[in-house]
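# Observations on the three-dimensional arrangement
The chain contents come next:
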Protein chains: 2
Amino acid sequence: MVRVHDIAGEGRRQTSQRALIYDLISKANGHIDADELYRKARKKQPRISLSTVYRNLQLFKEMRLVEEHGFSEAHRHYEVKPRAEHQHLLCQRCGKVLEFKNPLIDQMKKQVEEQHSFKVSSADVNLIGICSLCQKDEEARPE
Amino acid sequence: MVRVHDIAGEGRRQTSQRALIYDLISKANGHIDADELYRKARKKQPRISLSTVYRNLQLFKEMRLVEEHGFSEAHRHYEVKPRAEHQHLLCQRCGKVLEFKNPLIDQMKKQVEEQHSFKVSSADVNLIGICSLCQKDEEARPE
DNA sequence: TTGGTTGCAAAGCTTTTGCATATAT
DNA sequence: ATATATGCAAAAGCTTTGCAACCAA
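Residues numbered from 1 in each chain as written. Chains lettered and ligands numbered in written order. Predicted model: local features only at pLDDT ≥ 70, side-chain atom pairs only at ≥ 80, totals over all residues. Heavy atoms only, no water.

### Quick look at the overall build of chain A
Inclusion rule: Helix numbers and strand numbers start at the N terminus; a helix is a DSSP run of H or I with at least 4 residues, a strand a run of E with at least 2. The buried label applies to any residue whose accessible area, calculated with a 1.4 Å probe on protein chains only, is under 20% of its type's maximum; exposed applies above 50%, and partly exposed to all values in between. It only takes one pair of heavy atoms within 4.5 Å for two residues to be counted as in contact.
Along the backbone of chain A there are five helices and six strands. Starting at the N terminus, the α and β elements of chain A follow one another as α-β-α-α-β-β-β-β-α-β-α. In chain A, which comprises 143 residues, the proportion classed as buried is 41%. Within chain A, contacts between residues at least 6 apart in sequence are counted, and of these 48% link residues at least 24 apart.

Spelled out as structure tokens, the structure:
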């Protein structure tokens with residue numbers, strides 16, 4: 001079984017399902033939802049159950065190894081805790097989720113803390129719009 | 001029945017349920033979810049159904065009269081389309097949702113459009129943290 | 001050995017949908 | 001008159017939970 005350094009201790013156990021799920025999230029090039037995770041996991045471990053996926057997702061959230069995003073959909077997406085905070089671009093045409101960073105966000109946090117006496121612990125920023133590929137696509141064949 | 005100027009035309013009908021729902025959202029001091037809307041609506045119209053609430057919410061969204069927010073919960077919140085774009089502060093202690101505006105957001109949008117060739121149509125910014133009341137509360141009796 | 005974990009099935013919650021009835025226009 | 005809207009109940013997502021069996025430590 002692949003040893004995932006982060007997962008252990010505190011009365012927690014290292015199981016093959018847990019390691020697999022963590023591995024799949026971290027290899028998921030950004031974001032993945034529970035259902036896709038489940039489908040990918042079954043290819044490696046056909047008997048794994050969806051509840052195991054959800055239970056581990058919950059655990060990873062509590063351990064702060066993984067972040068949960070609501071985006072605008074009916075289901076949630078997960079990503080391994082990024083070393084550096086980043087934000088998301090959501091293409092409203094193809095549904096793709098891209099990442100970006102921008103230093104103005106830190107400035108904004110500071111301003112808000114001062115202006116509203118609100119202690120900011122994290123920022124969740126989603127810019128909704130059209131990605132570059134879809135823009136080209138629309139030029140090529142306008143609808 | 002209260003006439004809601006925005007709701008009419010395009011084969012749309014003015015019903016007492018529709019007017020009531022719109023009225024409740026706009027009076028909801030910021031944000032309200034479907035269930036609370038339903039409970040408030042029943043006080044005025046005891047026979048109104050939850051599906052009517054959801055169907056009108058959907059309609060208002062399509063008509064761009066109301067905005068839907070996912071925040072971080074399992075259900076969605078709604079607010080009447082604000083004249084000016086604003087963003088949200090989410091208190092992770094008491095759950096309150098506050099509003100704020102910040103000019104850096106427009107700057108950030110421009111930078112992102114240039115740097116990522118992404119055409120931004122709207123920004124959804126949530127700052128998670130502790131509101132001023134809860135900060136005082138924690139000072140008073142630290143846990 | 002034993003308490004955390006899993007798989008399965010069932011339940012929960014929010015949101016959506018089918019259909020007959022009611023109603024705005 | 002007639003197409004839109006409603007109420008009710010049933011269904012449909014996504015997520016959580018109870019429980020017996022399993023297995024990592």
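### What to know about the interface of chain A and chain B
The following threshold applies: The quantity reported as buried area is the accessible area (1.4 Å probe) lost by two parts once they are put together, taken as the sum for both. A side-chain nitrogen of Lys or Arg and a carboxyl oxygen of Asp or Glu constitute a salt bridge if their distance falls within 4 Å. Polar contact criterion, stated in full: a pair of N or O atoms within 3.5 Å, where within protein one must be able to donate a hydrogen and the other to accept it, and residues adjacent in sequence count only if both atoms are side-chain atoms.
Across the boundary between the two partners, chain A contributes 34 residues, which contact 34 residues of chain B. Together chain A and chain B conceal approximately 2900 Å² of surface at their shared face, both sides included; 61% is due to carbon and sulfur atoms. Where chain A touches chain B, the interface holds zero salt bridges. For the interface between chain A and chain B, the tally reads 14 residue pairs in polar contact (both at pLDDT 80 or more). Listing elements by their share of the side of chain A that touches chain B, those giving two or more residues are strand E4 (87-91), strand E5 (97-100), helix H4 (104-116), strand E6 (119-130) and helix H5 (132-140) of chain A.

### Thoughts on the domain arrangement of chain A
Note on interface size: it is often stated as the accessible area lost on association of the parts. All names here are of chain A. Note the cut-off: By convention here, the domain bounds are inherited from an automatic or database domain assignment. Polar here means any residue outside two lists: the nonpolar Ala, Val, Leu, Ile, Met, Phe, Trp, Tyr, Cys and Pro, and the charged Asp, Glu, Lys and Arg; Gly therefore counts as polar.
Domain annotation for chain A reports domain 1 (1-83) and domain 2 (84-143). Here domain 1 is connected to domain 2 by zero salt bridges. Run the count over domain 1 and domain 2 and you get two residue pairs in polar contact (both at pLDDT 80 or more). Each residue belonging to the side of domain 1 that touches domain 2 can be placed in one class, and the counts come to two nonpolar, three polar and two charged.

### Regarding the protein's contact with DNA strand C
For the record, the criterion: When at least one non-hydrogen atom of a residue lies within 4 Å of a molecule or strand, that residue is treated as near it.
Looking at DNA strand C, there are 24 residues lining it, with Arg13(A), Gln17(A), Arg18(A), Thr52(A) and Tyr54(B) nearest. Protein-proximal atoms of DNA strand C, defined as those within 4 Å of the protein, fall in sugar or phosphate at a share of 67%. In the environment of DNA strand C, a phosphate oxygen lies 3.0 Å from a nitrogen or oxygen atom belonging to the backbone of Ser49(A). Listing elements by their share of the surface near DNA strand C, those giving two or more residues are helix H1 (16-26) and helix H3 (50-62) of chain A together with helix H3 (50-62) of chain B. The element that contributes the greatest number of residues to the surface near DNA strand C is H3(B), accounting for five residues. Class assignment of the residues belonging to the surface near DNA strand C gives a composition of five nonpolar, eleven polar and eight charged.

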